[in-house]
Amino acid sequence: MNSSFLNVGVCALSACTVFAAPAAAQSFTGSETHYASVRGWDVLVIHDQSGVFTYCGATKNESGNKVLIALGADGLWGLAVPTYQTGTFGGGVLDIDKVSIDSQFGFVGGFATRDLSLDELHRIKAGNQMGVMINGDGPERWWSLSGSSAAITKVEECVIRRGSAPTATATSQPTVSPTSGFLSPVIPVGEMRIGNCDMVFTGPYRCTFESLPAKQGYRSSTRIVDTFNQAPTLDLDAVSDSEADVWALLDGQWQFMGRWASDQTAGDCLVPTSNQVPEARNNLGQDAWQICVN
């Protein structure tokens, strides 16, 4: 796992300021703040000594064994469990259902950590149970993965919000369904949902949908943001259930990308229409612009 998680997470056990968490919530190092409880998992937040947000993670404790699945502010996922090892690195095994993965763990301050690939994260979300065996730590420890998909989604939300818990109404429907479409005003103004986006030239990515006050002459306005700022931010100003004027934030400036229309050939997508004003044609260039939810 990334060094910032290792250093801050372990620092929290000793020299760092200890934050009080609700008594009913599970903790991991004992120093995190509580963000939410989701289907048997507790989502936690940690900041460094200067108060800078560092990561969010989902933890659970089964049969006295703790595990943490965390997402850092840098976008890297990692796994952590307590360990008796005192060296720097050591071998072990990560089991997700019937898949066994030989692993190298880093040891610091009583914890063993390793990075998680996106493939491993998807296996965890879809899996039934997970085991971790670290050489020298005794028998393999196992955890049920029930609720892990919801917990991981909540961790992503937590990182997007930098650990600032939303209001209760803003968390009642955390994920955008592809069938909800882009242009129907299903999200209350001022609220945000999480979904999966694809812009073709970026590949799939996690994104947020924020409902903005409708601009003059439009029925609704929605802002789509890549959670880790790799894909351009888009504003969709709906003129109907199937068409919108689209703006893209490129190099710090909003550029008009023309009129886009619904296209179901690649899923739930919006693509530029064939007839565009000169400004939009120039901004679109030769790229195959589109935005899809899947």
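To keep things clear, this report deals only with the structure shown in the data block. (Residues numbered from 1 in each chain as written. Predicted model: local features only at pLDDT ≥ 70, side-chain atom pairs only at ≥ 80, totals over all residues. Heavy atoms only, no water.)

## A word on the overall build of the chain
Definition in use: Runs of E in the DSSP output that reach at least two residues are strands. Runs of H or I that reach at least four are helices, and both are numbered from the N terminus. Note that accessible areas follow from Shrake-Rupley with a 1.4 Å probe, and for residues the cover is restricted to the protein chains shown.
A tally of helices and strands in the chain yields four helices and 18 strands. Total accessible area on the chain stands at roughly 13,700 Å², and carbon and sulfur atoms take up 51% of it.

## Focus on the state of the cysteines
By definition, a disulfide links the sulfur atoms of two cysteine residues through a covalent bond. Where we set the bar: Any two cysteine sulfur atoms within 2.5 Å of one another count as a disulfide. Between buried and exposed lies partly exposed: a residue is buried under 20% and exposed over 50% of the maximum accessible area for its type, with that area taken using a 1.4 Å probe on protein chains only.
The tally for this structure, following the rule as stated, stands at three disulfides. Here C197 is linked by a disulfide to C207, with a sulfur-sulfur distance of 2.1 Å. When the S-S torsion is 75°, as for the bridge of C197 with C207, the disulfide is right-handed. Placement of the pair is C197 in strand β11 (residues 192-198) and C207 in strand β12 (residues 204-212), with a sequence separation of 10 residues. With a relative accessible area of 0%, C197 lands in the buried category. In this model C269 forms its disulfide with C292; the gap between the sulfur atoms is 2.0 Å. Across the S-S bond of C269 and C292 the torsion is about 110°, and the bridge reads as right-handed. Taken together, the positions of C269 in strand β17 (residues 268-272) and C292 in strand β18 (residues 291-293) put the pair 23 residues apart, joining distant regions of the chain. For C269, a relative accessible area of 1% puts it in the buried group. For C292, a relative accessible area of 2% translates into the label buried.

## Comments concerning the packing of helix α2 (residues 118-126) against helix α3 (residues 148-160)
Here is the rule we go by: Helix axes use the C-alpha atoms of the stretch in contact, all axes being lines fitted to C-alpha atoms, and the angles between their N-to-C directions lie in the range 0 to 180 degrees. Should an angle lie under 35 degrees it is considered roughly parallel, over 145 roughly antiparallel, and from 65 to 115 roughly perpendicular; all remaining angles are considered oblique. In this description, contact between two residues means that some pair of their heavy atoms is separated by no more than 4.5 Å.
Where α2 contacts α3, the axes come no closer than 7 Å and their chain directions differ by 130°. Between α2 and α3, the angle falls in the class oblique. Residues L121, I124 and K125 of α2 touch α3, and the partners they reach there are S148, S149 and I152.

## Topic: the nonpolar core
Filter applied, for reference: Residues grouped as a nonpolar core are buried Ala, Val, Leu, Ile, Met, Phe, Trp, Tyr and Cys residues, joined through side-chain atoms within 4.5 Å.
Judged by nonpolar contacts, the single largest core of 34 residues is most densely connected at I69, W77, L79, L94, I124, M130 and V132. Ranked by residue count, the leading element in this core is α3, at five residues. Of all hydrophobic cores here, the second largest spans 21 residues; its members include M199, L234, L236 and I291.

## Notes on unusual backbone geometry
Of note, the phi angle at D97 is positive, near 55°, even though the residue is not glycine. Among the secondary structure elements, D97 is positioned in the loop between β6 (89-96) and β7 (99-108). Residue D251 is not a glycine yet carries a positive backbone phi of 55°. Relative to the helices and strands, D251 is located in the loop between β15 (243-250) and β16 (253-263). Look at D251 and you get exposed, because its relative accessible area is 81%.

## What about α3?
Our working rule: Every helix has an expected span of 1.5 Å times one less than the residues it contains.
End to end, α3 covers 18 Å across 13 residues, agreeing with the expected 18 Å (1.5 Å per residue, within 8%). Counting buried positions along α3 yields 10 of 13 residues, so the element is predominantly enclosed. Listing the buried residues of α3 in full gives S148, A151, I152, T153, K154, V155, E156, E157, C158 and V159. After α3 finishes, the residue R162 shows a positive phi value of roughly 55°.

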